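# Secondary and tertiary structure notes
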Amino acid sequence: MDDTSKIYEKISEETGLPVPLVRHIVQHQFSFVRKTMQDGLLNDILLHNFGSFKVKKGRVDFLIRSLIRKIRKGTIEYEKGVEEIKKLWRIRKSK
């Protein structure tokens, strides 16, 4: 049994909800955070009773540098890399 299963069981015991429902709710919340961050909407994301999530400026800088290296090595298509860098740069300017 992994650590997340123990967390699901503990939440289930405290709330009285079945474990599969707890698992679904938790996975839905965090998939929402992941999807929102991947879509370039990297503003603070507030989840009621969970807290807020945000990407730090240093992380955006790291991702930009990483994409530049990938373009130079040829492991990512130039156009696709430039498009991603443009998205990240807009985000960086807003931080």
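As shown above, the structure is provided for reference.
Residues numbered from 1 in each chain as written. Predicted model: local features only at pLDDT ≥ 70, side-chain atom pairs only at ≥ 80, totals over all residues. Heavy atoms only, no water.

As a further point, take the overall build of the protein chain. Per the secondary structure count, the protein chain includes four helices and two strands. Helices and strands appear in the protein chain in the N-to-C order α-α-β-β-α-α. Relative to the globule expectation of 12 Å for 95 residues, the C-alpha radius of gyration of the protein chain, 18 Å, shows a markedly less compact shape. For the protein chain, the spread of C-alpha atoms along the three principal axes comes to 55 × 30 × 20 Å. By residue count, 23% of the 95 residues in the protein chain fall in the buried class. The contacts in the protein chain between residues at least 6 apart in sequence include a share of 23% that link residues at least 24 apart. For the protein chain, the exposed area adds up to about 7,600 Å²; of that, 54% sits on carbon and sulfur atoms. (Helix = DSSP H or I, 4+ residues; strand = E, 2+ residues; numbered from the N terminus. Rg over C-alpha atoms; globule rule 2.2 N^0.38 Å. Buried < 20%, exposed > 50% of the residue type's maximum accessible area, 1.4 Å probe, protein only. Contact = heavy atoms within 4.5 Å. Areas by Shrake-Rupley, 256 points an atom, 1.4 Å probe, with all protein chains shown as cover.)

Side chains that are nonpolar tend, in soluble globular proteins, to be buried together. If you look at the biggest cluster of nonpolar residues, it comprises nine residues: Val55, Val60, Ile64, Leu67, Ile71, Ile76, Ile85, Leu88 and Ile91. Going through the elements one at a time, α3 (57–73) and α4 (78–94) are the ones with two or more residues in this core. The biggest single contributor to this core is α3, with four residues. Not counting chain neighbours up to four residues away, the residues in contact with valine 60 comprise Val55, Leu88, Ile91 and Arg92. (Core = buried A, V, L, I, M, F, W, Y, C linked by side-chain atoms within 4.5 Å.)

Here we come to the packing of α3 against α4. One can describe the packing of α3 onto α4 by two numbers: an axis separation of 10 Å at closest approach and a directional angle of 165 degrees. With respect to each other, α3 and α4 are oriented roughly antiparallel. As α3 runs across α4, the sense of the crossing is left-handed. Taking contact as the criterion, the partners of Lys57, Val60, Asp61, Leu63, Ile64, Leu67, Ile68 and Ile71 in α3 are, on α4, Tyr78, Gly81, Val82, Glu84, Ile85, Leu88, Trp89, Ile91 and Arg92. (Axes fitted to C-alpha atoms, helices over the stretch in contact; angles between N-to-C directions. Parallel < 35°, antiparallel > 145°, perpendicular 65-115°, else oblique. Left-handed = near helix turned anticlockwise from the far one by under 90°.)

Moving on, we come to α4. For α4, which comprises 17 residues, the first-to-last C-alpha distance of 25 Å matches the rise-based estimate of 24 Å (1.5 Å per residue) to within 8%. Buried within α4 we find Gly81, Ile85, Leu88 and Ile91. Looking straight down α4, one finds that the buried residues subtend no more than 120 degrees of arc, so they occupy a single side. The outward face of α4, more than 90 degrees from its buried face, is lined by the exposed residues Glu79, Lys86, Arg90, Lys93 and Ser94. Its buried side turned inward, α4 meets α3. (Expected span 1.5 Å × (residues − 1). Arc of directions from axis to C-beta.)

In this section: the pattern of salt bridges. For the coordinates displayed, the defined rule picks out two salt bridges. The salt bridge partner of arginine 92 is aspartate 61, with a shortest N-O separation of 2.4 Å. Here the residue arginine 92 occupies a position in helix α4, and aspartate 61 occupies one in helix α3, the gap between them amounting to 31 residues. A relative accessible area of 23% places arginine 92 in the partly exposed class. Lysine 87 is the salt-bridge partner of glutamate 84, the closest N and O atoms lying 3.5 Å from each other. Within this pair, glutamate 84 and its partner lysine 87 are both found in helix α4, separated by three residues, close to a single helical turn. (Salt bridge = Lys/Arg side-chain N within 4 Å of Asp/Glu carboxyl O.)

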